[in-house]
Amino acid sequence: MEISEALIMGILQGLTEYLPVSSSGHLAIASNFFGMNGEENLTFTVAVHVATVFSTLVILWKEIAWIFRGLFKFNTPGMNNEQRYAVNIIISMIPVGIVGLFFKDYVEDIFSSGLLIVGICLLVTALLLAFSYFAKPRQKESISMRDAFIIGLAQACAVLPGLSRSGSTIATGLLLGNNKAKLAQFSFLMVIPPILGEALLDIVKAVRHGAEAATGSIGLLPLSVGFLAAFLSGCLACKWMIDIVKKGKLIYFAAYCAIVGAVIIVNQCLA
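Residues numbered from 1 in each chain as written. Predicted model: local features only at pLDDT ≥ 70, side-chain atom pairs only at ≥ 80, totals over all residues. Heavy atoms only, no water.

Asks: Before we move on, could you go through the overall build of the protein and cite the residues and values that matter?
Replies: Of regular secondary structure, the protein possesses 14 helices and 0 strands. What you see in the protein, going N to C, is helices and strands ordered as α-α-α-α-α-α-α-α-α-α-α-α-α-α. Of the contacts formed within the protein by residues at least 6 apart in sequence, a portion of 80% connects residues at least 24 apart. (Helix = DSSP H or I, 4+ residues; strand = E, 2+ residues; numbered from the N terminus. Contact = heavy atoms within 4.5 Å.)

Asks: Give a detailed account of a nonpolar patch on the surface, specifying residues and quantitative values.
Replies: Taken together, Ile-94, Ile-98, Leu-101, Phe-102, Phe-103, Tyr-106, Phe-149 and Leu-153 make up a surface patch of nonpolar side chains, about 860 Å² in accessible area. When contributions to the nonpolar patch are tallied by element, the ones reaching two or more residues are helix H5 (81-102) and helix H8 (145-157). Ranked by the residues each element gives to the nonpolar patch, the list is headed by H5, at 4 residues. Assignment of secondary structure puts Leu-153 in helix H8. (Patch = residues over 30% accessible without salt bridge, like charges linked within 9 Å, V, L, I, M, F, W, Y side chains within 5 Å. Areas by Shrake-Rupley, 256 points an atom, 1.4 Å probe, with all protein chains shown as cover. Salt bridge = Lys/Arg side-chain N within 4 Å of Asp/Glu carboxyl O.)

Asks: How would you sum up the side chain of Ser-166? Please name residues and give values.
Replies: Following the sequence through the fold, Ser-166 ends up in helix H9 (residues 165-175). A distance of 3.5 Å separates a polar atom in the side chain of Ser-166 from the backbone oxygen of Leu-19. Separated by 3.5 Å, the side chains of Ser-166 and Ser-164 make a polar contact. Dropping the residues within four chain positions of it, Ser-166 is found in contact with Glu-17, Tyr-18, Leu-19, Pro-20, Ala-171, Ser-187 and Phe-188. (Polar contact = N/O pair within 3.5 Å; in protein donor to acceptor, adjacent residues only side chain to side chain.)

Asks: Could you give an account of the packing of helix H1 (residues 3-18) against helix H13 (residues 220-247), with specific residues and numbers?
Replies: Packing of H1 against H13 leaves a shortest axis separation of 7 Å and a crossing angle of 25 degrees. With respect to their mutual orientation, H1 and H13 come out roughly parallel. Here H1 and H13 pass one another in a crossing that is right-handed. Within the contact between the two elements, H1 uses Ile-3, Ala-6, Leu-7, Gly-10, Ile-11, Gln-13, Gly-14, Leu-15 and Tyr-18 and H13 uses Leu-221, Pro-222, Val-225, Gly-226, Ala-229, Ala-230, Ser-233, Gly-234, Ala-237, Cys-238 and Met-241. Here the residues of the contact of H1 with H13 sort into 14 nonpolar, 6 polar and no charged. (Axes fitted to C-alpha atoms, helices over the stretch in contact; angles between N-to-C directions. Parallel < 35°, antiparallel > 145°, perpendicular 65-115°, else oblique. Left-handed = near helix turned anticlockwise from the far one by under 90°. Nonpolar A, V, L, I, M, F, W, Y, C, P; charged D, E, K, R; others polar.)

Asks: Go over the nonpolar core, please, and point to the residues and values.
Replies: In terms of nonpolar packing, the biggest core is built from 48 residues, with Phe-186, Leu-189, Met-241 and Leu-250 touching the most fellow members. Filtering out sequence-adjacent residues up to four positions away, Phe-186 remains in contact with Tyr-85, Asn-88, Ile-89, Ser-92, Ile-143, Ala-148 and Ile-151. Residues Leu-27, Ala-30, Ala-47 and Ala-230 belong to the second largest nonpolar core, which totals 11 residues. (Core = buried A, V, L, I, M, F, W, Y, C linked by side-chain atoms within 4.5 Å. Buried < 20%, exposed > 50% of the residue type's maximum accessible area, 1.4 Å probe, protein only.)

Asks: Hey, could you go over the layout of surface pockets for me, with residue numbers and the actual values?
Replies: Here the second largest pocket is characterised by a volume of approximately 340 Å³. In terms of lining, the second largest pocket is formed by 15 residues, of which the most central are Trp-66, Asn-81, Tyr-85, Ser-142 and Ile-143. For the lining of the second largest pocket, the elements supplying multiple residues, two or more each, are helix H4 (61-71), H5 and helix H10 (180-189). (1 Å grid on protein atoms, 1.4 Å probe; cavity = no way out; pocket = protein on both sides within 12 Å on 5 of 7 lines; lining within 4 Å. Points joined across faces, edges and corners; volume = space filled by probe spheres on them.)

Asks: Break down the pattern of salt bridges for me, with residues and values.
Replies: As enumerated under the stated definition, the model contains 3 salt bridges in all. Asp-147 is paired through a salt bridge with Lys-140; the nearest N and O atoms lie 2.7 Å apart. Residues Arg-146 and Asp-147 are paired through a salt bridge, measuring 2.9 Å at the closest nitrogen-oxygen approach. Taking relative accessible area as the criterion, Arg-146 reaches 52% and is therefore assigned exposed. Residues participating in the shared-partner salt-bridge network are Lys-140, Arg-146 and Asp-147.

Asks: Break down the environment of Gly-197 for me, with residues and values.
Replies: Along the polypeptide, Gly-197 turns up in helix H11 (residues 192-209). Relative accessible area serves as the criterion here: at 31%, Gly-197 is assigned to the partly exposed category. Once the C-alpha coordinates of Gly-197 and Val-50 are considered, the two residues, 147 residues apart in sequence, prove to be 9.8 Å apart.

Asks: Could you give an account of the packing of H1 against helix H2 (residues 23-34), with specific residues and numbers?
Replies: For the pair H1 and H2, the least separation of the axes is 8 Å and the interaxial angle reads 165 degrees. In terms of their interaxial angle, H1 and H2 are classed as roughly antiparallel. Where H1 crosses over H2, the two elements pack in a sense that is right-handed. Two secondary-structure elements touch here, H1 through Glu-5, Ile-8, Met-9, Leu-12, Gln-13, Thr-16 and Glu-17 and H2 through Ser-23, His-26, Leu-27, Ala-30, Ser-31 and Phe-34. For the contact of H1 with H2, a count of residues per class yields 6 nonpolar, 5 polar and 2 charged.

Following this line, the structure appears as structure tokens:
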């Protein structure tokens with residue numbers, strides 16, 4: 001991989017991880033354009049996803065600190081707000097954890113199956129965003145455990161390339177009637193443990209098989225450039241997306257996903 005390619009793909013990941021247009025789908029399109037193979041693409045994808053986790057930690061550090069400050073307070077009967085929030089995050093992880101443990105190989109096969117699935121999933125993302133924009137459910141002040149699990153199911157489905165993780169989780173939460181600002185923060189925080197877990201598995205793989213297995217044929221320098229680009233662009237996009245959700249402007253991203261998805265499907269059918 002060239003450094004310029006890593007830079008472009010890193011920026012692409014950082015922006016699209018938070019914007020509801022599917023980072024995995026855009027990375028698959030870019031990987032196809034640059035001619036990256038499946039193993040190379042998967043390694044780079046994991047690396048830049050970890051970079052965007054770090055950008056989440058930077059932008060939402062106050063919320064994360066709030067959770068940890070209250071996590072070990074037991075001076076009131078029952079759970080406090082911070083403990084309930086942490087439990088909701090754990091509950092939201094259950095579906096994607098099941099997918100990661102039992103269907104990881106199947107998901108990797110889907111990532112290497114071509115762009116037609118990306119186009120179809122982008123259309124599904126567009127429908128979700130449009131539906132959540134026009135639906136007007138009764139508003140709730142806090143995310144319940146039930147809602148956390150349903151939002152987690154949406155995150156598990158979003159392992160498919162082209163199905164936006166942030167778009168799916170935020171749209172699902174909006175359809176359930178959750179507060180827009182709180183929902184955006186929850187959507188970004190709930191992805192941290194699964195991605196760090198995936199990164200830990202990659203580190204174990206590297207220790208077992210040597211550094212070359214971790215970086216593949218990408219090279220350490222391009223991987224580092226992509227990581228840094230994803231981190232910096234992710235910091236900008238994270239702040240931007242929270243404001244976008246508050247203002248309820250997801251319909252524009254629905255139109256974008258519909259157009260890109262349709263173009264990909266037509267291109268693949270004519271190829």
